[in-house]
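# Survey of secondary and tertiary structure
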Amino acid sequence: MGTTAIAMEQHQADPLKKTALYERHKALGAKFVEFNGWEMPIRYEGTVSEHNAVREHVGLFDVSHMGRVSIRGKDAEKFLDYLSTNKVQGMASVAALYTIWCHENGGSVDDLLVYREDDNTFFVIINAGNRAKSLAHLNHYAKDFDVTIEPHYDNESIIAIQGPLAKALMSQIFPESSLITNMHFAKIPYIDEKILLSATGYTGAGGFEIYAPSQYIESIWDLILEKGNSLNIKPVGLGARDTLRLEMGFVLYGHEINDSIAPTESIGAWCVKLDKGNFLGKQALIALESSTDKRKEYAIKLIDQGIMRENADVYKDGKKIGITTSGGFSPTLKKSIGIVLTKEKLHTGETVEVAIRGSSYKAEVVATPFIKVKSGAD
Amino acid sequence: MKFTETHEWIKIQNDNIAVVGVSNHAQEELGEIVYVELPQIGKNVQAGKESAVLESTKAAADVYAPVSGKIISINQELSSSPELVNASPEDKGWLYTIELSNLKELDKLMDKDAYLSSLK
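To keep things clear, this report deals only with the structure shown in the data block. What you see is a predicted model; the values in this text were computed from it and never measured.

What counts and how
- Residues numbered from 1 in each chain as written.
- Chains lettered and ligands numbered in written order.
- Predicted model: local features only at pLDDT ≥ 70, side-chain atom pairs only at ≥ 80, totals over all residues.
- Helix = DSSP H or I, 4+ residues; strand = E, 2+ residues; numbered from the N terminus.
- Buried ≥ 20, exposed ≤ 12 C-beta atoms within 10 Å, placed from the backbone.
- Contact = placed C-beta atoms within 7 Å.
- Nonpolar A, V, L, I, M, F, W, Y, C, P; charged D, E, K, R; others polar.
- Pairing = 2+ DSSP bridges.
- Axes fitted to C-alpha atoms, helices over the stretch in contact; angles between N-to-C directions.
- Left-handed = near helix turned anticlockwise from the far one by under 90°.

A separate point is the overall build of chain B. Along chain B, the regular secondary structure elements total three helices and ten strands. Put simply, chain B runs from its N terminus to its C terminus through helices and strands in the order β-β-β-α-β-β-β-β-β-α-β-β-α. Along the three orthogonal principal directions, the C-alpha set of chain B runs to about 35 × 35 × 20 Å. The proportion of buried residues among the 120 residues of chain B is 47%. Restricting the contact set of chain B to residue pairs at least 6 apart, pairs at least 24 apart contribute 61%.

Shown next as structure tokens:
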């Protein structure tokens, strides 16, 4: 038996970084995987049962491989609006906003949440694989603005509590959380520090993310698992995090967007506000709009039995039209789903063919999200 | 039952007909199997070459034929219940039966004790 994907993930020259919850994962029987230089739990009990726990009840994730960076100063709003394809200007306080950052040439730097604490204080959450790049990006463009940039990479941890029962569970543990509406957050005291409770997530199931000093993360993790026990809470690994986000048609950096895929070409194009004021990459994105080189991403669902993966060739009427940027198994649909990047205009209901190990499999173009969600979020 | 270094097992049923599957260790490494691609009946396969594919939630894994020969039958239950490979890898989750073309190839394989100690 041989598996190239797993073998590649295990090859890494530098020692892998571990989150503050590493020992907890080990004690819970996690299987680990290398992810962007981090040794992260890929699954505990099993990806499908963890996925279903989040869709049906509640699940707990360690996402401390992502990094928080504060941006403060009188130009903070202007600065982040300049870097963001979504509109940061005018954002309400204690709100969060999803955006993609662009290079000047239109390629995507990162996708992230921007949080506004008050007039002059913001923070952002950077993807694990982009910690260094996005911090350098911030520092590079900060030169022209009155802002200070402070990463919290080394002393903070992040966990996510997701699922239709996540809000009920959180309100038992942190009563303040019941006042937080979707895409908003609150800073609350915890022991002798402050933690951030954010009604956000990347699963489509609703819930919270918690940003906390690393010295307290184990106690918070334990508390949530203990109180969640009666709700059948499960710890959830990166395997299910990927199937959950893919079922929603959410962008994963390095797949649907990267340095050479523009945000407007991606499935995350909805967040790009080309009609807002000037922002980094705007000219390139506007030029791309009228270019024949512009590609787009579409959601596809395999009709035939089988599993499509990333980088599979996609054909229409026998002609190659593009490749998949993500692909996998949807535990909810029990079908393979994926995203295709193509210059061809596709329409919902159309059939395309996906090449899997030399054979052609039929797939249907569908709308996102792939599934109807049961969410406790709103 | 004999094992390969690549985590397949083979068990002689009678004469030169054997049943093939993957080890418990293999299914543990792969995680939940969500789809199994089996060879066509009548196909000739070569020892050490790809003979089936197990798709887990995360990755596809090739199953190498432990011996050379002709595929006689496949486990039809796996098309609706691929999870049998996880639940019962060395019994109900068998993949196919094969008619061996060279019984001597079995001599190169490990017995269960040798296989289990190779995992340590």
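Attention now goes to the interface of chain B and chain A. Contacts between the two partners involve 20 residues from chain B and, on the opposite side, 19 residues from chain A. Across the side of chain B that touches chain A, the residue classes break down as ten nonpolar, four polar and six charged.

All names here are of chain A. The buried fraction of strand β6 (residues 108-118) amounts to nine of the eleven residues, a majority that puts the element mostly inside the structure. As defined by bridge partners, strand β5 (residues 95-102) adjoins β6 across eight bridges and the pair is classed as antiparallel. Residue pairing for β6: Tyr98 is matched across the bridge by Leu113. Connecting the antiparallel pair β5 and β6 is a turn made up of five residues, with Gly106 showing a positive phi of about 100°. Examined bridge by bridge, β6 and strand β7 (residues 121-126) share five bridges and lie antiparallel to one another. Of the residues in β7, the one forming a bridge with Asp118 is Thr121.

A word on the sheet that holds strand β17 (residues 335-342) of chain A. All names here are of chain A. One closed barrel holds the six strands; their spatial order is β14-β17-β16-β15-β18-β19, and the pairing between them is antiparallel. Between one strand axis and the next, the sheet turns by 45° as a mean value, whatever way the strands run. Where strand β15 (residues 313-316) meets strand β18 (residues 351-356), two bridges bridge the pair, whose relative direction is antiparallel. Following the sheet pairing, Val314 is matched in β18 by Val354. Running at roughly 125° to strand β16 (residues 319-330), helix α8 (residues 238-248) makes contact with β16 and β17 of the sheet.

A few words on α8 of chain A. Residues and elements named next belong to chain A. With nine of its eleven residues buried, α8 lies for the most part within the structure. Within α8, burial applies to Leu238, Gly239, Ala240, Arg241, Asp242, Thr243, Leu244, Leu246 and Glu247. Summarising the contacts, the buried residues of α8 are in contact with β1 (31-35), β2 (38-43), α3 (47-56), β3 (59-62), β16 and β17. In the segment just after α8, Gly249 is the residue with positive phi, at about 75°.

Attention now goes to the packing of helix α6 (residues 166-173) of chain A against helix α7 (residues 214-228) of chain A. Residue and element names in this part refer to chain A. Their axes nearest at 10 Å, the elements α6 and α7 cross at an angle of 115°. Handedness of the crossing formed by α6 with α7: right-handed. Together, Leu169, Gln172 and Ile173 of α6 and Leu223, Ile224, Lys227 and Gly228 of α7 make up the contact between the two elements. Classifying every residue of the contact of α6 with α7 by side-chain character gives four nonpolar, two polar and one charged.

On to the sheet that holds strand β8 (residues 148-151) of chain A, then. Residue and element names in this part refer to chain A. In space, the five strands of this open sheet follow the order β5-β6-β7-β4-β8, with antiparallel pairing throughout. Only two strands of the sheet have a single neighbouring strand rather than two, namely β5 and β8. Each strand axis lies, on average, 25° off the axis of its neighbour in the sheet, ignoring direction. Across the sheet, helix α4 (residues 76-83) lies against β4 (67-72), β5, β6 and β7, angled at about 130° from β4, the strand it touches most.

What follows concerns unusual backbone geometry. All names here are of chain A. The omega torsion across Thr368 and Pro369 is -5°, close enough to zero to call that bond cis. Inspection of the secondary structure assignment puts Pro369 in the segment after β19 (359-366). Located in the positive-phi region is Val94, a residue other than glycine, with phi close to 50°. By secondary structure assignment, the location of Val94 is in the loop between α4 and β5. The phi dihedral of Asn311 falls on the positive side, at around 70°, and the residue is not glycine. Position of Asn311 among the secondary structure elements: in the loop between β14 (296-302) and β15. Under the C-beta neighbour-count criterion, Asn311 is labelled exposed, with 11 such atoms within 10 Å.

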